[in-house]
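Here is what each chain is made of, one letter per residue.
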Amino acid sequence: MGRIVQKFGGTSVADIAHIRNAAGLVQAERERGNQVAVVVSAMAGVTNQLVGYCSEAAALYDAREYDSVVASGEQVTAGLMAMALQEAGVPARSWLGPQIPIRTNDVHGKARIVGIDSVELERRMDTGEVPVVAGFQGVSPTGRITTLGRGGSDTSAVALAAALKAERCDIYTDVDGVYTCDPRIVRGARKLHKITYEEMLEMASQGAKVLQTRSVEIAMNHRVRLQVLSSFDDGPGTLVVDEDEIVEQQVVSGIAYSRDEAKITLVKVPDKPGVAAAIFGPLSDAGVNVDMIVQNISEDGKSTDLTFTVSKAELKQAVRVLEGINGEIRFGQLRPDPNVVKISVIGVGMRSHAGVALRMFTALAENGINIQVISTSEIKISVLVDEKYTELAVRALHTAYGLDAT
Ligand code: ASP
Ligand code: MG
């Protein structure tokens, strides 16, 4: 008998009818002879509404109280799901993060799980009971309720699967798997049967929104086999697995894009030791995450241009910080630009194939798209281009790498 964790996202528990449908999927998994633990999100739209209440209540709210408010959405669905299971004749009970407990650090609003005490859950699962765990939440070292960042119930599910040494963690959502590209933009996008952890990690962090990035990290570190699938139609989804489980590896598995990027160029930055640290130090202290960075070689040995990206939401804050330090650093000009998109080509096959980047640059050139910034990793090439080219660029690349459905 195997153990399976089933996680249901907001659209899969959007109302009582959907919750009943999800309970049916739990029942079916049990009938296949498996022990099941369930993790639920809040009903679709509920978390957004709760976040809205917080902003309305206080401009600068207490993050501990924010967590207390937004964690409530999952409490509702956990209870309702347990009821639906009981109605279907399945012994079940709900569990809140602090009841298990799922222990986290105290970074409210985006806490990290540090441990799960699963002994009692396992004991009950051995008797046939289905634990229904409220996703997205845990408890801090001082006993306060915490939440794991938006989309965090994926992370609850994967961490629970790791703790339970589950055979698989099924993430039920409203799409039937992971696609080579966003099907809303690329009509020929195909569902991937399998994808490696590393590729999925890049896809998630480069803007593909199916899974919370942190959940993929945990799956990779603990070798949890993940499946992304739809609760609305049956059929297998996409398996996220180890590289050696994939027999025929494509060079490129997918194209991701992120509109959540903004570019900042500092013109005529003094070219001397310590300047980069003097710029990126204060940004980091202000909580601004910097992603791509390019610095040109200085022509005269005195000054150079520095370009980097931050998330759109942090652009204002970044500009403020940079204006504040210009007294000391003395750069020529500060040029912020929110109208950019980052497009990434992802595939573990890149490690062993030449010419992958060239194909990207050629495809973009053929479409008259200018590349502003380039960055690469072992299995990813990203470019920053004008936001207005998003669709054109993504479609051109999807075709150039032979990913279009035939
Ligand atoms: N309900 C939370 C959110 O909307 C967590 C989740 O659904 O994963 O972010
Ligand atoms: Mg989600």
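Heads up: these notes are all about the structure in this document.

Parameters at a glance
- Residues numbered from 1 in each chain as written.
- Chains lettered and ligands numbered in written order.
- Predicted model: local features only at pLDDT ≥ 70, side-chain atom pairs only at ≥ 80, totals over all residues.
- Heavy atoms only, no water.
- Near = heavy atom within 4 Å.
- Polar contact = N/O pair within 3.5 Å; in protein donor to acceptor, adjacent residues only side chain to side chain.
- Areas by Shrake-Rupley, 256 points an atom, 1.4 Å probe, with all protein chains shown as cover.
- Nonpolar A, V, L, I, M, F, W, Y, C, P; charged D, E, K, R; others polar.
- Core = buried A, V, L, I, M, F, W, Y, C linked by side-chain atoms within 4.5 Å.
- Buried < 20%, exposed > 50% of the residue type's maximum accessible area, 1.4 Å probe, protein only.
- Helix = DSSP H or I, 4+ residues; strand = E, 2+ residues; numbered from the N terminus.
- Contact = heavy atoms within 4.5 Å.
- 1 Å grid on protein atoms, 1.4 Å probe; cavity = no way out; pocket = protein on both sides within 12 Å on 5 of 7 lines; lining within 4 Å.
- Points joined across faces, edges and corners; volume = space filled by probe spheres on them.
- Pairing = 2+ DSSP bridges.
- Axes fitted to C-alpha atoms, helices over the stretch in contact; angles between N-to-C directions.
- Phe/Tyr/Trp six-rings, centres within 6.5 Å; stacked < 30°, edge-to-face > 60°.
- Lys NZ or Arg CZ within 6 Å of the ring centre and 35° of its normal.

## Digging into the site of ligand 1
Phase 1 of the analysis: Taken together, Ser41, Ala42, Thr47, Glu74, Phe136, Arg150, Gly151, Gly152 and Ser153 make up the full set of residues near ligand 1.
Phase 2 of the analysis: Residue glutamate 74 places a side-chain N or O atom 2.6 Å away from a nitrogen atom belonging to ligand 1.
Phase 3 of the analysis: Between ligand 1 and serine 153, the relevant distance is 2.5 Å, taken from an oxygen atom to a side-chain nitrogen or oxygen of the residue.
Phase 4 of the analysis: Calculation on ligand 1 without its partners gives an accessible area of 270 Å², and the protein chains cover 86% of this total.
Phase 5 of the analysis: Residue composition of the shell around ligand 1, by class: 2 nonpolar, 5 polar and 2 charged.

## Notes on the nonpolar core
Phase 1 of the analysis: The biggest cluster of nonpolar side chains holds 40 residues, and the ones touching the most others in it are Val5, Val133, Leu160, Cys169, Met200 and Leu226.
Phase 2 of the analysis: Going through the elements one at a time, β2 (35–40), β5 (113–116), α5 (119–126), α6 (153–163), β9 (168–173), α7 (197–205), α8 (213–222) and β11 (226–230) are the ones with two or more residues in this core.
Phase 3 of the analysis: Methionine 200 has contacts with Val178, Ile195, Val210, Leu211, Val216 and Val240, leaving out every residue within four places of it along the chain.
Phase 4 of the analysis: With 24 residues, the next largest nonpolar core counts Val345, Met350, Met360 and Val385 among its residues.

## Brief notes about unusual backbone geometry
Phase 1 of the analysis: Following isoleucine 100, the chain continues into proline 101 via a peptide bond in cis, with omega recorded as -15 degrees.
Phase 2 of the analysis: Examined against the element boundaries, proline 101 turns out to sit in the loop between β3 (92–95) and β4 (102–104).
Phase 3 of the analysis: Phi at arginine 223 takes a positive value of approximately 50 degrees, unusual for a residue other than glycine.
Phase 4 of the analysis: Considering the arrangement of structural elements, one finds arginine 223 in the loop between α8 and β11.
Phase 5 of the analysis: Residue classification places arginine 223 among the partly exposed positions, given a relative accessible area of 46%.
Phase 6 of the analysis: Positive phi, close to 60 degrees, is recorded for arginine 330, a residue that is not glycine.
Phase 7 of the analysis: Mapped onto the fold, arginine 330 is located in the loop between α10 (315–329) and β16 (333–346).
Phase 8 of the analysis: Judged by relative accessible area, arginine 330 falls into the exposed class, the value being 61%.

## Digging into the layout of surface pockets
Phase 1 of the analysis: One number sums up the size of the second largest pocket: a volume of about 260 Å³.
Phase 2 of the analysis: Considering the residues around the second largest pocket, the lining is formed by 17 residues, among which Leu25, Arg32, Tyr172, Leu229 and Asp234 are closest to the centre.
Phase 3 of the analysis: Those elements that place two or more of their residues in the lining of the second largest pocket are α1 (16–31), β9 and β11.
Phase 4 of the analysis: No other element matches α1, which puts 4 residues into the lining of the second largest pocket.
Phase 5 of the analysis: The class makeup of the residues in the lining of the second largest pocket is 6 nonpolar, 5 polar and 6 charged.

## Structural notes on the environment of aspartate 106
Phase 1 of the analysis: The topology assignment puts aspartate 106 in the loop between β4 and β5.
Phase 2 of the analysis: C-alpha separation for the pair aspartate 106 and lysine 165, spaced 59 residues apart in sequence, amounts to 26 Å.
Phase 3 of the analysis: In this structure, aspartate 106 is in contact with Ser140 and Pro141, ignoring residues within four places of it in sequence.

## A word on the sheet that holds strand β12 (residues 238–241)
Phase 1 of the analysis: Sheet architecture is open: 8 strands sit in the order β3-β6-β2-β1-β9-β11-β12-β10, paired in mixed fashion. Of all the strands in the sheet, the pair left with one neighbour each is β3 and β10 (194–196). In this sheet, neighbouring strand axes are inclined to one another by 20 degrees on average, regardless of whether the strands run parallel or antiparallel.
Phase 2 of the analysis: Pairing of β3 with strand β6 (residues 130–134) involves 4 bridges; the strand directions are parallel.

## What about the sheet that holds strand β17 (residues 373–377)?
Phase 1 of the analysis: Read from one edge to the other, the open sheet built from 6 strands follows the order β14-β15-β13-β16-β18-β17, with strand pairing classed as antiparallel. Of all the strands in the sheet, just β14 (290–295) and β17 have a single pairing partner and so form its edges. With direction set aside, neighbouring strand axes in the sheet form an average angle of 30 degrees.
Phase 2 of the analysis: Where β16 lies against strand β18 (residues 380–386), 7 bridges are found, and the strand directions are antiparallel. From the neighbouring strand, valine 340 faces β18, where its bridge partner is aspartate 386.
Phase 3 of the analysis: Running over the sheet, α7 touches β13 (254–270), β16, β17 and β18 and is turned about 145 degrees from β16.

## Examining the side chain of threonine 146
Phase 1 of the analysis: With respect to the element layout, threonine 146 can be found in strand β8 (residues 145–147).
Phase 2 of the analysis: A polar contact of 2.8 Å, which involves the side chain of threonine 146, links it to the side chain of threonine 104.
Phase 3 of the analysis: When neighbours within four sequence positions are excluded, threonine 146 is seen to be in contact with Asp67, Thr104, Asn105, His108, Ala111, Phe136, Gln137, Gly138, Val139 and Ser140.

## Details of the packing of aromatic side chains
Phase 1 of the analysis: Under the defined criterion, the tally for this structure stands at 3 aromatic pairs.
Phase 2 of the analysis: For the ring pair phenylalanine 8 and tyrosine 172, a centre distance of 4.9 Å and an interplane angle of 15 degrees mean the geometry is stacked. Of this pair, phenylalanine 8 sits in strand β1 (residues 3–8) while tyrosine 172 sits in strand β9, placing them 164 residues apart in sequence.
Phase 3 of the analysis: When the ring of tyrosine 61 is compared with that of tyrosine 66, the centres are 5.3 Å apart and the planes differ by 10 degrees; the resulting orientation is stacked.
Phase 4 of the analysis: You can call tyrosine 61 partly exposed: its relative accessible area is 35%.
Phase 5 of the analysis: Its relative accessible area of 12% is what places tyrosine 66 among the buried residues.
Phase 6 of the analysis: Cation over ring: arginine 93 sits above tryptophan 95, and NZ or CZ is 3.6 Å from the ring centre.

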